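Survey of secondary and tertiary structure
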Amino acid sequence: MRRMKHVFASLLFLIAALAVAQEEVRTEREPGHINQNKFKQLYEEFATPNTYRSASGAPGPDYYQQQADYKMDIELDDKNAKIYGSETITYTNNSPDDLTFLWVQLDQNVRSKTSKSPLRDDEGVPVAEPVAKFAAKYMTEPFDGGFNIEYVRDANGKALPYTINQTMMRIDLPQVLKSKGQVSFSIKWWYNIPDHTVNRARSGYEYFPKDGNRAYVIAQFFPRMAVYSDMEGWQNHQFWGSGEFALPFGNYEVNITVPADHILDGTGELQNMKEVFSKEMISRYEKAKKSYDKPVIIVSQAEAEEAEKGFSEKKKTWKLKAENVRDFGFATSRKFIYDMQAVKIGNRDVMAISMYPKEGNPLWEEYSTKAVAHTLRSYSAHTFDYPYPKAISVHAKNQGMEYPMICWNYGRPNEDGTYSDRVKYGMISVIIHEVGHNFFPMIVNSDERQWGWMDEGLDTFMQYMAEQEFGVAYPEAIAPNSKYPSGRGEPTKIIPYMSGDQSTIAPIMSNPENVYQLGNNAYAKPATALNILRETVMGRELFDHAFKTYAQRWMFKHPSPEDFFRTMEDASAVDLDWYWRSWFYTTDYVDIGVKGVKKYYVSDKPSKQMREIMAARNIKEEDLPPLVYLEEEESEDADAKLKGKAPSENSKTLKEFMMDNMSVAERNAIKEPKYFYEVTFNKPGGIPMPLIVEYTYADGSKENVTYPPEIWRKNDQEVKRVVASGKELVGIEVDPKAETADIDTTNNSWPTKEVKSDFELFKENLKGK
Ligand SMILES: [Zn+2]
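All of the points below concern the structure found in this document. (Residues numbered from 1 in each chain as written. Predicted model: local features only at pLDDT ≥ 70, side-chain atom pairs only at ≥ 80, totals over all residues. Heavy atoms only, no water.)

**Describing the overall build of the chain**
- Helix and strand counts for the chain stand at 21 helices and 31 strands.
- Its C-alpha atoms give the chain principal-axis dimensions of roughly 110 × 70 × 60 Å.
- The proportion of buried residues among the 769 residues of the chain is 52%.
- Within the chain, residue pairs in contact and separated by at least 24 positions form 75% of the contacts whose partners lie at least 6 positions apart.
- Within the structure as shown, the chain displays about 35800 Å² of accessible surface, and the carbon and sulfur contribution to it stands at 51%.
- Distance between charge centroids for the chain: 1 Å, based on 95 positive and 113 negative side chains. (Helix = DSSP H or I, 4+ residues; strand = E, 2+ residues; numbered from the N terminus. Buried < 20%, exposed > 50% of the residue type's maximum accessible area, 1.4 Å probe, protein only. Contact = heavy atoms within 4.5 Å. Areas by Shrake-Rupley, 256 points an atom, 1.4 Å probe, with all protein chains shown as cover. Lys, Arg positive; Asp, Glu negative; His and termini not counted. Charge placed at Lys NZ, Arg CZ, Asp CG, Glu CD.)

Below, the structure is given as C-alpha cells:
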C-alpha cells in the first residue's frame, strides 16, 4: 500500500513536471514575464492611498478642495470684437498648507503674438493647405489675442506684484495666505476676440458676411484660478492648446453688457429677466416652464431675422448668478433664435435650452432642445440627478465645446435648409456629448489638463449609452428598424486604431499634449474599454452600480484616475487591475484564437505517452491505482472499435468503480460523455480578456461558455480546455458576437474558416464580369 502511494505521487509529479517544462519554454521567449504578469496588482503604478484619498477610491477624511468665488463686470465691444472685464476673486485656502503666491490662468495667451504653441510642433512644407489657413499662416501678422492685464490689486486697491509665464500668472501675496484663510483681489483686462472659425479656437465669434453680424460663444474670457490640490500642489502646467482645463469650484456673479438688441444666455440663473426680456419673451418663458413634452419658442426666427437687420447703439446688462460651478461661459448675438422646455429630473424642473442663428434651421428647431432634454434624463439615470437649473446648447460652426450649463455645438444644414443624415446625427451626437460634459468634468471635476480621458472617455462612454437610448426614445428620428448609428463605443469600431502602427499609439494614461491621435486616445478607446467592461467583463448590474458610486462619491469634487479605478473594484468585488493595466497603461490589443483540437476516447490500456512515463520511472501497470486512460484518436494505438462509445463500455476499471461505489439510482442518473476534446486556445494579443467560446455539436445544438480572463494568468499565450460531451463537436467560435475588439478574427474559428482577402474578392469579382 505504501509503495503504491509513493509510485502514484511520483507519477503525478512527472505529469506536473511536463506542464512546468512547457511553461519554461515560454519563459525563455519572454524574459521577466513574472513581473509583467497582467494580473499583478497596480501597487507600483497607483499613488499610495492617504487621508485625502482612501484606498477604497472614496474621498478620505482629510479630503479638501479650494474655492474661488468671482464677481465680474464684462463688456462686449461688438463693433471692434473686443472684450473688457474686471473681476474680484475671493480665494479660500481649505488646504492644510500656507500659500505665499497664487497661480491664475491666462488661457487667451495661447493666442498672444508671443505664444510658444505655434513653435512647438515639428512641421514640414505641406503639399496643400486650406486657403484660409495658408493666408493666416504665411501672409498675415499673427492674431494678437492675448490678455492685456491692466491691473492686479489687493482688497484695498493696492497693486499686487505679478509675473506672467506664458498662460500662467503668479500673484505674489504680501502676506502668507494661511491654511483656512481667505484672500480677495481684483484684476482688470481686455483682449481681442478671435474668429473661432479660422483657428479652431474654443471660443470667439463667427462673422456672417450676408448680414454683417457676429455670433459670439465666449469662454476662457477671464483670468481663472488654477487648482491647488493634494495631488499636484498647483496645477500650473501651461495651456498649449490640447490639454484642457483644471478649475476649482466657486460661486459666480457676472454682469455682462452687450448691445441692447442681443439675446444672451450663459452659466447661471438670470437675475434681471424683467430688464432684458421683452414682455412677450417673459410670457413665453412662463409657458416653457410648464412645457415638458416640447420646446416653446422664446425668440422666433422671424424676430431674430428682424433683429439682425439693425445694430443697436444702446446697451443692456445681463446679470447671471451661478453656484458651485467650475467655470463660466456665455453666448450672445442679435442673430439668436431661442427656445426652451422643462425637464423633470428627480423632483426638480430643469430648463433645456437652445440658441441658434437661422443658419442652424430647420435642424436646430427640431432636434437641439430634444437632445438636451434627453441627455439630462439619460445621464442623470446613470449617475446622479442633474443639479443645475438649466442646460443650454448653442449652435456654433465647427464647435464642440463645453462649460457649466452651456455648450457650443456644430451641425449646420446647407443654405437651402437640406441636410444629410451625417449632419443630423453629428449634431445630435455632439449635443449629447457636450451637454453630457456637465457631468464629467463640470461636476465630477477631474483634471483635464493632465488626464484627457477622465472627462472625454467617460463622457464618450455615457454619450454612447445616451445615443442608444435616444434611438429607443425617438424611433421616428432614426432610420426604421435600426439602432442609433453611434460613431464611437462599439467594440469593432476601435479595431483599426488598436491594431494600427504602434509608433502612433500612446497608452490612455498619457497627457493629452503627448498623444498622437487625441480622438482615439482620449475619447474612443476609453469609451470602448468602459463599454466592454460593462457589457462583457462585469455585466450591467455590477458595472452600473460601481460607476454610479464613482459619480456620486466625486460629484462636486476632484477625482484622480486611481479614485475611479479603485471605486470600480470597491463597489463590485471584481478585481480589475488586469483590465486597467492592459487597456489603460499599455498599447496592447486583443487577439484571441482557437489553435487546435485533439479528440480522445476512454481506453483500458495506457497510451503511448503514459507507457513512456511508466518506463522512465520503472513503474508497472499493476503498481498503479485504478486509472481511466485517454487515448488520442489520431495516435498509432487508436482502436477503431472503442471510438464514440460510453466510457464504462471501454473501461473495465471504470465499470468496476461504478458497481462498487454507486447505487442503482446513481448509476441510472449518470451521464456518459463519449467524446473528449482537448481544445487549445491561443492569445497573440497582449490583452487578457474573458475567453468567450461557442461550441457547435453535430446535432446543430450550441453551447456558450465564458472562461474568466484569469484563465490567462499563468500562461499568457496558450491555454487548454477539455470538452467532454455526449455529442460530437463540429465547430468552435471564439468571441462569436464580436464583443471584445479582437483585431484578427481569422484565427477565431475551428475548423478554420476560409477568409478571403479584399484582393481575392476583387479578383473574383473581375472574373464574374
Ligand atoms: Zn468632449
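**What to know about the coordination of the zinc ion**
- Within the protein, H433 (NE2), H437 (NE2), E456 (OE) and E456 (OE) serve as the donor atoms for the zinc ion, at 1.9 to 2.7 Å.
- Seen from the zinc ion, its four donor atoms lie at angles of 53 to 153°, and the figure they make is irregular.
- Read from N- to C-terminus, the donor residues coordinating the zinc ion fall into the pattern H-x3-H-x18-E. The exposure classification of H433 matches that of H437, with both residues buried. (Donors = N, O, S within 2.8 Å, 3.2 Å for Na, K, Ca; no water. Tetrahedral: all angles 85-135°; square planar, octahedral: opposite > 155°, others 65-115°.)

**So, the side chain of S582**
- Within the secondary structure layout, S582 lies in helix α16 (residues 577-584).
- On the basis of relative accessible area, S582 is assigned to the buried category, the value being 0%.
- Leave out the neighbours within four places in its chain, and S582 touches K38, I687 and P688.

**Quick look at helix α8 (residues 363-382)**
- Between its first and last C-alpha, α8 extends 28 Å over 20 residues, near the 28 Å set by a 1.5 Å rise per residue.
- Among the 20 residues that make up α8, 15 are buried, leaving the element largely enclosed by the rest of the structure. (Expected span 1.5 Å × (residues − 1).)

**Points about empty space enclosed by the protein**
- What the rule picks out here adds up to four cavities of 30 Å³ or more.
- Taken as a whole, the largest cavity encloses approximately 70 Å³ of empty space.
- For the lining of the largest cavity, the class distribution of residues is five nonpolar, five polar and two charged. (1 Å grid on protein atoms, 1.4 Å probe; cavity = no way out; pocket = protein on both sides within 12 Å on 5 of 7 lines; lining within 4 Å. Points joined across faces, edges and corners; volume = space filled by probe spheres on them. Nonpolar A, V, L, I, M, F, W, Y, C, P; charged D, E, K, R; others polar.)

**Things to note about the sheet that holds strand β14 (residues 263-266)**
- An order of β8-β9-β18-β14 is seen for the four strands of this open sheet, with the pairing classed as antiparallel. Edge positions in the sheet fall to β8 (204-208) and β14, since each of these pairs with one other strand and no more. Direction aside, neighbouring strands of the sheet carry axes that sit 10° apart on average.
- Where strand β9 (residues 213-218) meets strand β18 (residues 330-333), three bridges bridge the pair, whose relative direction is antiparallel. Each residue of the ladder has a partner; that of V217, found in β18, is A331. (Pairing = 2+ DSSP bridges. Axes fitted to C-alpha atoms, helices over the stretch in contact; angles between N-to-C directions.)

**Considering the sheet that holds strand β5 (residues 162-165)**
- With antiparallel pairing, four strands are arranged side by side in an open sheet as β5-β6-β3-β10. The strands lining the two open edges of the sheet, one partner per strand, are β5 and β10 (224-225).

**Remarks on the pairing of strand β3 (residues 99-105)**
- Of all seven residues in β3, five are buried; the element is thus mostly enclosed.
- Of the strand pairs in this sheet, β3 and strand β6 (residues 168-177) are connected by six bridges, and their pairing is antiparallel. Directly across from Q105, in β6, lies its bridge partner M168.
- Across two bridges, β3 lies against β10 in antiparallel orientation. Paired with V104 across the bridge in β10 is M225.

**Points about a nonpolar patch on the surface**
- Taken together, the side chains of F134, Y138 and M139 present a nonpolar region at the surface, about 340 Å² in accessible area.
- Its place among the elements puts Y138 in helix α3 (residues 131-139).
- Take Y138: its relative accessible area is 44%, and that puts it in the partly exposed class. (Patch = residues over 30% accessible without salt bridge, like charges linked within 9 Å, V, L, I, M, F, W, Y side chains within 5 Å. Salt bridge = Lys/Arg side-chain N within 4 Å of Asp/Glu carboxyl O.)

**What about the side chain of H433?**
- Here H433 shows up in helix α9 (residues 421-436).
- Note on H433: relative accessible area 5%, which makes it buried.
- Within polar-contact distance, the side chain of H433 engages the side chain of H437 at 3.0 Å.
- When sequence neighbours within four positions are dropped, the list of residues in contact with H433 reads E456, D459, T460, Q463 and Y523. (Polar contact = N/O pair within 3.5 Å; in protein donor to acceptor, adjacent residues only side chain to side chain.)

**Comments concerning the packing of aromatic side chains**
- Scanning all chains against the criterion turns up 54 aromatic pairs.
- On the numbers, 6.1 Å between centres and 65° between planes, the contact of Y205 with Y216 is edge-to-face. Here the residue Y205 occupies a position in strand β8, and Y216 occupies one in strand β9, the gap between them amounting to eleven residues. For the pair Y205 and Y216, one class covers both residues: buried.
- When the ring centre of Y151 is taken as reference, the NZ or CZ atom of R153 above it lies at 3.7 Å.
- The ring centre of F311 lies 4.2 Å from the NZ or CZ of R334, which sits over that ring. (Phe/Tyr/Trp six-rings, centres within 6.5 Å; stacked < 30°, edge-to-face > 60°. Lys NZ or Arg CZ within 6 Å of the ring centre and 35° of its normal.)

**So, unusual backbone geometry**
- For the peptide bond that leads from N361 to P362, omega is 10°, which places it in the cis range.
- With respect to the secondary-structure elements, P362 resides in the loop between β20 (348-356) and α8.
- The backbone of Q220 sits at a positive phi, close to 45°, despite the residue not being glycine.
- With a phi angle near 60°, A573 is a residue other than glycine that sits in the positive phi range.
- Inspection of the secondary structure puts A573 in the loop between α15 (561-570) and α16.

**As for the pattern of salt bridges**
- Applying the stated criterion to the full structure yields 49 salt bridges.
- E308 is the partner of K335 in a salt bridge, and the nearest nitrogen-oxygen pair spans 2.9 Å. With K335 in the loop between β18 and β19 (337-345) and E308 in the loop between α7 (301-307) and β17 (315-325), this pair connects stretches of sequence that are 27 residues apart. Of the two residues examined, K335 and E308, each falls in the buried class.
- When salt bridges with common partners are traced through the structure, they connect D211, E308, K335, K358 and E359 into a single cluster.

**With respect to the nonpolar core**
- Counting residues in hydrophobic clusters, the biggest one holds 189 residues, and the most contacted among them are Y579, W583 and F681.
- Per-element tally for this core: the top contributor is helix α11 (residues 452-473), with nine residues.
- Every residue in contact with W583, bar those within four places of it in the chain, is listed here: M498, I508, K525, A529, I532, V590, I687, M689, T740 and A741.
- The next biggest cluster of nonpolar side chains, apart from the first, holds six residues, and it includes M614, I619, L624 and L627. (Core = buried A, V, L, I, M, F, W, Y, C linked by side-chain atoms within 4.5 Å.)

**Some points on the packing of α11 against α15**
- The N-to-C vectors of α11 and α15 enclose an angle of 45°; their axes lie 10 Å apart at closest approach. Between α11 and α15, the angle falls in the class oblique. Residues W453, M454 and L458 of α11 touch α15, and the partners they reach there are P561, F564 and F565.
- Classifying every residue of the contact of α11 with α15 by side-chain character gives six nonpolar, no polar and no charged. (Parallel < 35°, antiparallel > 145°, perpendicular 65-115°, else oblique.)

**A closer look at helix α13 (residues 518-538)**
- Of all the bends found along α13, the most pronounced is centred on A524 and spans about 30°, while P526, a proline, follows it within four residues.
- For α13, a buried count of 16 out of 21 residues is recorded, marking the element as mostly surrounded by other parts of the structure. (Bend = angle between axes of the 7 residues up to and from the residue.)

**Quick notes on the environment of I187**
- Residue placement: I187 occurs in strand β7 (residues 182-192).
- For I187, a relative accessible area of 0% gives the class buried.
- In this structure, the C-alpha to C-alpha distance between I187 and F222, residues 35 residues apart in sequence, is 9.1 Å.
- Contact partners of I187, with chain neighbours within four places excluded, come to G85, S86, E87, V104, I149, Y151, V152, M169, I171 and P223.

So, to be careful, I would describe these as geometric facts and stop short of saying anything about function.
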